[in-house]
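Reading the structure
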Amino acid sequence: MVMVFYHLFLHYGFSNWFSRILKQKSHVTRILWWISLLSLITGAVACVHWLGTFSHSHIGGVHGKLGFVMIILSIGHIVKRISFFKNKKRTVPSSVGGAIR
């Protein structure tokens, strides 16, 4: 989840993420947002339940299934955009770090 929030921060900064994500054209991006939000909420509820009773609950099962769906959609999200990274030119200034001989 930390990487998700960092990724959103890189795109949107400190602006209102909820409204900006809801305006996205990509359905996958919006679905990823809602699933990650639900996964975060169900994970917190399942953790509180487990800490209180030391037993697993159905909400933990829901959290796990949401996590699997999120992983699958995240992989699709990355695969769809991988060409962006492949087409970038890799330019490294020669003055960075000095020359290694």
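All of the points below concern the structure found in this document. (Residues numbered from 1 in each chain as written. Predicted model: local features only at pLDDT ≥ 70, side-chain atom pairs only at ≥ 80, totals over all residues. Heavy atoms only, no water.)

1. A look at a nonpolar patch on the surface
This is how the line gets drawn: Put simply, a patch holds well-exposed residues, over 30% relative accessible area, that have no salt bridge, with like charges counted together within 9 Å and Val, Leu, Ile, Met, Phe, Trp or Tyr side chains within 5 Å. Using a 1.4 Å probe, accessible areas were evaluated by the Shrake-Rupley method; residue-level cover was limited to the displayed protein chains. Any Lys or Arg side-chain nitrogen located within 4 Å of an Asp or Glu carboxyl oxygen qualifies as a salt bridge. The helix and strand labels rest on DSSP assignments: H or I over at least four residues marks a helix, E over at least two residues marks a strand, and numbering proceeds from the N terminus. Type-normalised accessible area, obtained with a 1.4 Å probe on protein chains alone, sets the label of each residue: buried when under 20%, exposed when over 50%, and partly exposed for intermediate values.
A grouping of Met3, Tyr6, Phe9, Leu10 and Phe14 is seen on the molecular surface, where their side chains present a nonpolar patch of about 650 Å² in accessible area. Note that Met3 resides in helix H1 (residues 2–12). On the basis of relative accessibility, which here comes to 65%, the residue Met3 falls in the exposed class.

2. Describing helix H3 (residues 27–53)
How we decide: A helix is expected to reach a length of 1.5 Å times the quantity of its residues less one. Residue contacts are defined here by distance: any two heavy atoms, one from each residue, within 4.5 Å place the two residues in contact.
Here H3 spans 38 Å end to end across 27 residues, near enough to the 39 Å set by a 1.5 Å rise per residue. Burial in H3 covers these residues: Thr29, Leu32, Trp33, Ile35, Ser36, Ser39, Thr42, Gly43 and Ala46. Close packing links the buried residues of H3 with H1, helix H2 (17–22) and helix H4 (58–86). Where H3 ends, the next residue or the one after it, Phe54, has phi of about 55 degrees, a positive value.

3. Describing the packing of aromatic side chains
Threshold: Classification of ring pairs rests on two measures: the distance between centres of Phe, Tyr or Trp rings, Trp counted by its six-membered ring, which must be within 6.5 Å, and the angle between planes, read as stacked under 30 degrees, edge-to-face over 60 and tilted in between.
In total, this model carries two aromatic pairs according to the counting rule given. Here the aromatic rings of Trp50 and Phe54 are separated by 5.7 Å at their centres, their planes lie at 80 degrees, and the arrangement is edge-to-face. A residue is classified by how much of its surface remains accessible, and Trp50, at 37% relative accessible area, is partly exposed.

4. Remarks on the layout of surface pockets
Selection rule: With a 1 Å grid spanning the protein atoms alone, the term cavity applies to any set of points in which a 1.4 Å probe fits but cannot get out, the term pocket to an open set with protein on both sides within 12 Å along at least five of seven lines, and the term lining residue to any residue with an atom within 4 Å of a point. Grid points are joined across faces, edges and corners, and a volume is the space filled by probe spheres set on the points. In the scheme used here, Gly and all other residues not listed as nonpolar or charged are polar, with Ala, Val, Leu, Ile, Met, Phe, Trp, Tyr, Cys and Pro taken as nonpolar and Asp, Glu, Lys and Arg as charged.
One number sums up the size of the largest pocket: a volume of about 670 Å³. Of all the secondary structure elements, the ones that give two or more residues to the lining of the largest pocket are H1, H3 and H4. Grouping the constituent residues of the lining of the largest pocket by class yields 10 nonpolar, eight polar and one charged.

5. Quick word on the packing of H3 against H4
For any two helices packed against each other, one specifies the crossing angle of their axes together with the interaxial distance. Going by this rule: Here the axes come from fitting lines to C-alpha atoms, over the contacting stretch only for helices, and the angles between their N-to-C directions go from 0 to 180 degrees. Here roughly perpendicular refers to angles of 65 to 115 degrees, roughly parallel to angles under 35, roughly antiparallel to angles over 145, and oblique to all remaining angles. What makes a crossing left-handed is the near helix being turned counterclockwise from the far one by less than a right angle; a clockwise turn instead makes it right-handed.
Two elements in contact, H3 and H4, have axes whose closest approach is 9 Å; the angle formed by their N-to-C orientations is 150 degrees. Taken together, the axes of H3 and H4 lie roughly antiparallel to each other. The chirality of how H3 crosses H4 is left-handed. Here Val28, Thr29, Ile31, Leu32, Ile35, Ser36, Leu38, Ser39, Thr42, Gly43, Val45 and Ala46 of H3 lie close against H4, whose contacting residues are Ile59, Gly60, Val62, His63, Leu66, Val69, Met70, Leu73, Ser74, His77 and Arg81. In terms of residue class, the contact of H3 with H4 is made up of 13 nonpolar, nine polar and one charged.

Shape descriptors only; they carry no functional weight alone.
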